[in-house]
Structure formats: structure tokens, C-alpha cells
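# Architecture and fold: a report
Here are the chains, one letter per residue:
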Amino acid sequence: QVQLVESGGGLVQAGDSLRLSCAASGSSYSTYSLGWYRQVPEESREFLAAISWNNDNEIYAEAVKGRFTIAADESQRTVYLQMDSLKPEDTAVYYCAAKSGRRWWGFPPVDAWGQGTPVTVSS
């Protein structure tokens, strides 16, 4: 099993940068791949990016490609989401997610979620 805890959210202005962290724990954490989602009220959870622990097989949603960067540090058991050029429409609760397997595939369901960290971008 794996447990996930997000941190790093906050209130920023448009154009600012923010780095989110997802700390993974549990005896089987290394058998999962990691991804980031976000959700606004009354809408479905939106996929953003995913990566393997060895930093291979990066995947990005078109909405954030070129502005957000995902990275994994297995020595720290942490996955990061670097967010640059933030826009008001990036305001949401951001969630870390884990899927079984060392490579992230879009079709299988998420096996574990973090509790979420809120990000607010003001204009």
C-alpha cells in the first residue's frame, strides 16, 4: 500500500510560481507511479501530469504543458509539481495520486489519493 501527503499550496498572484510536494510512504510506495490532479467546486477532477520514480515517461495535460513541470526524487520519496506563470483559472485544490505499476497509464483507475492542497491565484 501507499499513503500520500500534499503540501505547498497557498495564495499567489497571477504570473507567480509555486511548487507543490507529494510525500509518499508505505512499504510498497516504489511499485507505484505518481500523478497530479486538480479540482474546482462542482467539477470533475482534472488530470495534470504523471511520472515514474526514475523520471521517465512524463505525461502532461495540454492545459498545463509548458507551464507546469513534474519531477520525482526517489531518495526523498517525494514527487513535485513546479507551477510557473500561474493564472486565475489555475485556482483549485490540487491532489497527488498513485497508480499501481512503474509506468503511468491513463486507463487504469487511481489506487490512492492525497488529501489535497489548495491553490488560489488572484488577478
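Quick caveat: nothing in here was measured; it's all calculated off a predicted structure. (Residues numbered from 1 in each chain as written. Predicted model: local features only at pLDDT ≥ 70, side-chain atom pairs only at ≥ 80, totals over all residues. Heavy atoms only, no water.)

Now for the overall build of the protein chain. The helix and strand inventory of the protein chain stands at 0 helices and 11 strands. When the helices and strands of the protein chain are listed from N to C terminus, the series reads β-β-β-β-β-β-β-β-β-β-β. Taken over the C-alpha trace, the protein chain has a radius of gyration of 13 Å; the compact-globule value for 123 residues is 14 Å, and the two agree within 12%. Taking the principal axes of the C-alpha coordinates as reference, the protein chain spans close to 40 × 30 × 25 Å. In the protein chain, buried positions account for 40% of the 123 residues. Counted over contacts in the protein chain with a minimum sequence separation of 6, partners at least 24 positions apart contribute 57%. Accessible area of the protein chain: about 6400 Å², with a carbon and sulfur share of 47%. (Helix = DSSP H or I, 4+ residues; strand = E, 2+ residues; numbered from the N terminus. Rg over C-alpha atoms; globule rule 2.2 N^0.38 Å. Buried < 20%, exposed > 50% of the residue type's maximum accessible area, 1.4 Å probe, protein only. Contact = heavy atoms within 4.5 Å. Areas by Shrake-Rupley, 256 points an atom, 1.4 Å probe, with all protein chains shown as cover.)

Right, let's get into the sheet that holds strand β3 (residues 18-25). Ordered in space as β1-β3-β8-β7, the 4 strands form an open sheet in which the pairing is antiparallel. Edge positions in the sheet fall to β1 (3-7) and β7 (68-73), since each of these pairs with one other strand and no more. Each strand axis lies, on average, 15 degrees off the axis of its neighbour in the sheet, ignoring direction. As paired elements, β3 and strand β8 (residues 78-83) share 6 bridges and run antiparallel to each other. Bridging across to β8, A23 finds its partner in T78. (Pairing = 2+ DSSP bridges. Axes fitted to C-alpha atoms, helices over the stretch in contact; angles between N-to-C directions.)

So, on to the pairing of β7. Side chains F68, I70 and A72 project from β7 onto a buried face, and the interleaved T69, A71 and D73 project onto a face without burial. Here β7 pairs with β8 via 6 bridges, running antiparallel. Across the sheet, residue F68 finds its bridge partner in β8, namely M83. Between β7 and the antiparallel strand that follows it, β8, lie 4 residues; R77 among them carries a positive phi value of about 55 degrees.

Before going further, it helps to examine unusual backbone geometry. For E42, which is not a glycine, the phi torsion comes out positive at approximately 70 degrees. Of note, the phi angle at R77 is positive, near 55 degrees, even though the residue is not glycine. Inspection of the secondary structure puts R77 in the loop between β7 and β8.

The subject of this paragraph is the state of the cysteines. Counted by the stated rule, this structure contains 1 disulfide. Here C22 pairs with C96 through a disulfide, and the sulfurs are 2.0 Å apart. The sign of the S-S torsion, about -80 degrees, decides the handedness of the disulfide formed by C22 and C96: left-handed. With C22 in strand β3 and C96 in strand β9 (residues 92-100), this residue pair connects regions lying 74 residues apart in the sequence. We note that C22, like C96, is buried. (Disulfide = S-S within 2.5 Å.)

A few words now on the pairing of β3. Sheet topology places β1 next to β3; 5 bridges connect them, and they run antiparallel. Bridge assignment links V5 to a residue of β3, and that residue is A23.

Any functional reading would require information beyond the geometric quantities listed.
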